[in-house]
Amino acid sequence: MIQFLFKRLVQSFVTLAFLATATFFLLRLAPGGPFDGDKVWPPEIQANIEAKYGLNRPIYTQFFSWVDDLAHGDLRESFHYIGTPVTEIISDATTPSLILGFSALLIAVIFGLLLGVLSAWKRGTFWDFSSMFIAIAGITLPSYLVATLLVLLFSTYLGWLPPALWEDKASMILPIITLALRPLAIIARMTRTTLLEILHSDYIRTAYSKGLNDSTVLFKHALKNALIPVITLLGPITASLITGSYVVETIFQIPGLGQYFITSVINRDYPLVMGMTLMFGGILIVCNLLVDLAYSWIDPRMRIEAEK
């Protein structure tokens, strides 16, 4: 297992390095620049600005200079938020995104598994149709529509919850539910499909032939194997919930990573784009690594393969 972890860490470092390198050069080679806009600067001012930020130097020189700063833990200052270090922006934006993302993930996993198991266990009944209706609605309805409906119902008509901002626990409820609905639906459908397939397996029929009841067969024998495909989804789902909640953050005015990432790309804020890229890439790699470790815990056969 230690050898497996070491191999994955090396692969993760190479992947992150390649991602950062590709992002750096693609940003520089794309048309336009961070200080191109509606206002046309005089040539001497434009030259001074580029000289200040080192944009007048060759691309490879800029790259090695950035790598040297990165090695010393310096992500530089934002071009758009003048005077503000990128590390400070990421630090301030990470907390709301982590709370939002992990809360949504917890709700999605718990209720997604419950709906999926209930649907498979009560196949063809009212509970099955109700669970799958929720799942289909969660997959098909876009986040902005879900957010609008929730705000209209719980804020405008009932007045129970605040419609926006990120100030207290009450203001967190609607954005968390909005963000959790789609992954909840995906997990529910995957759990149902996998569980129904497993329930028709030979070893399940053998368990029934030994006189075991439905609940014992379902929760002790079938569910553990049904979790493996679900765990496969948790890596990208976790990363997307933490880093890809731009729509939800925009609608509810949450100062998280998603908003800063989009604005950094629009403004061609090179330092902030690079910082966000490293942040998002690191989160995705860590989530996938945790998924691999969960595999080895659930299925001993995968643990043996990892140790080879």
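Residues numbered from 1 in each chain as written. Predicted model: local features only at pLDDT ≥ 70, side-chain atom pairs only at ≥ 80, totals over all residues. Heavy atoms only, no water.

Trainee: How do you make sense of helix α4 (residues 86-121) when you look at a structure like this?
Mentor: One full turn of an α-helix is made of 3.6 residues, so residues set three or four places apart face in the same direction. The end-to-end C-alpha distance of α4, which contains 36 residues, comes to 50 Å, matching closely the 52 Å that a straight helix rising 1.5 Å per residue would cover. Along α4, the sharpest kink reaches roughly 30°, centred on T94 and followed within four residues by the proline P96. (Helix = DSSP H or I, 4+ residues; strand = E, 2+ residues; numbered from the N terminus. Expected span 1.5 Å × (residues − 1). Bend = angle between axes of the 7 residues up to and from the residue.)

Trainee: Explain the pattern of salt bridges here, please?
Mentor: Here the idea is simple: oppositely charged side chains can pair when their charged atoms come close. All told, the structure shown has two salt bridges when counted by the stated rule. With its nearest N and O atoms 2.8 Å apart, the salt bridge here joins R76 to D69. Between D128 and R192 there is a salt bridge, and its shortest N-O distance comes to 3.0 Å. Of this pair, D128 sits in helix α5 (residues 126-140) while R192 sits in helix α7 (residues 169-199), placing them 64 residues apart in sequence. An identical accessibility class is assigned to D128 and R192; each is buried. (Salt bridge = Lys/Arg side-chain N within 4 Å of Asp/Glu carboxyl O. Buried < 20%, exposed > 50% of the residue type's maximum accessible area, 1.4 Å probe, protein only.)

Trainee: When you look at the packing of α4 against α7 in this model, what are you seeing that I'm missing?
Mentor: To characterise two packed helices, one gives the angle between the axes of the helices and the distance between these axes. Viewed as axis vectors pointing N to C, α4 and α7 meet at an angle of 35°, and their least axial separation amounts to 6 Å. As α4 packs across α7, the resulting crossing turns out to be right-handed. A per-class count over the contact of α4 with α7 returns 22 nonpolar, six polar and one charged. (Axes fitted to C-alpha atoms, helices over the stretch in contact; angles between N-to-C directions. Left-handed = near helix turned anticlockwise from the far one by under 90°. Nonpolar A, V, L, I, M, F, W, Y, C, P; charged D, E, K, R; others polar.)

Trainee: Where do I start with the packing of helix α6 (residues 143-157) against α7 in this structure?
Mentor: Their axes nearest at 9 Å, the elements α6 and α7 cross at an angle of 145°. Of the two elements, α6 crosses α7, and the hand of that crossing is right-handed. Along its contact with α6, which presents S143, V146, A147, L150, V151, F154 and S155, the element α7 presents L174, I177, T178 and L181. Tallied by class, residues from the contact of α6 with α7 come to eight nonpolar, three polar and no charged. (Contact = heavy atoms within 4.5 Å.)

Trainee: Explanation requested: helix α3 (residues 59-71) in the structure shown.
Mentor: The terminal C-alpha atoms of α3, which comprises 13 residues, lie 18 Å apart, in line with the 18 Å expected from a rise of 1.5 Å per residue. Regarding α3, the residues found buried are Q62, F63 and W66. Projection of α3 onto a plane perpendicular to its axis shows the buried side chains occupying an angular sector of 100°, all on one side. For α3, the exposed residues set more than 90 degrees away from the buried face come down to Y60, F64 and A71. Backbone geometry just after α3 places G73 at a positive phi near 80°. (Arc of directions from axis to C-beta.)

Nothing here speaks to function; it is geometry throughout.
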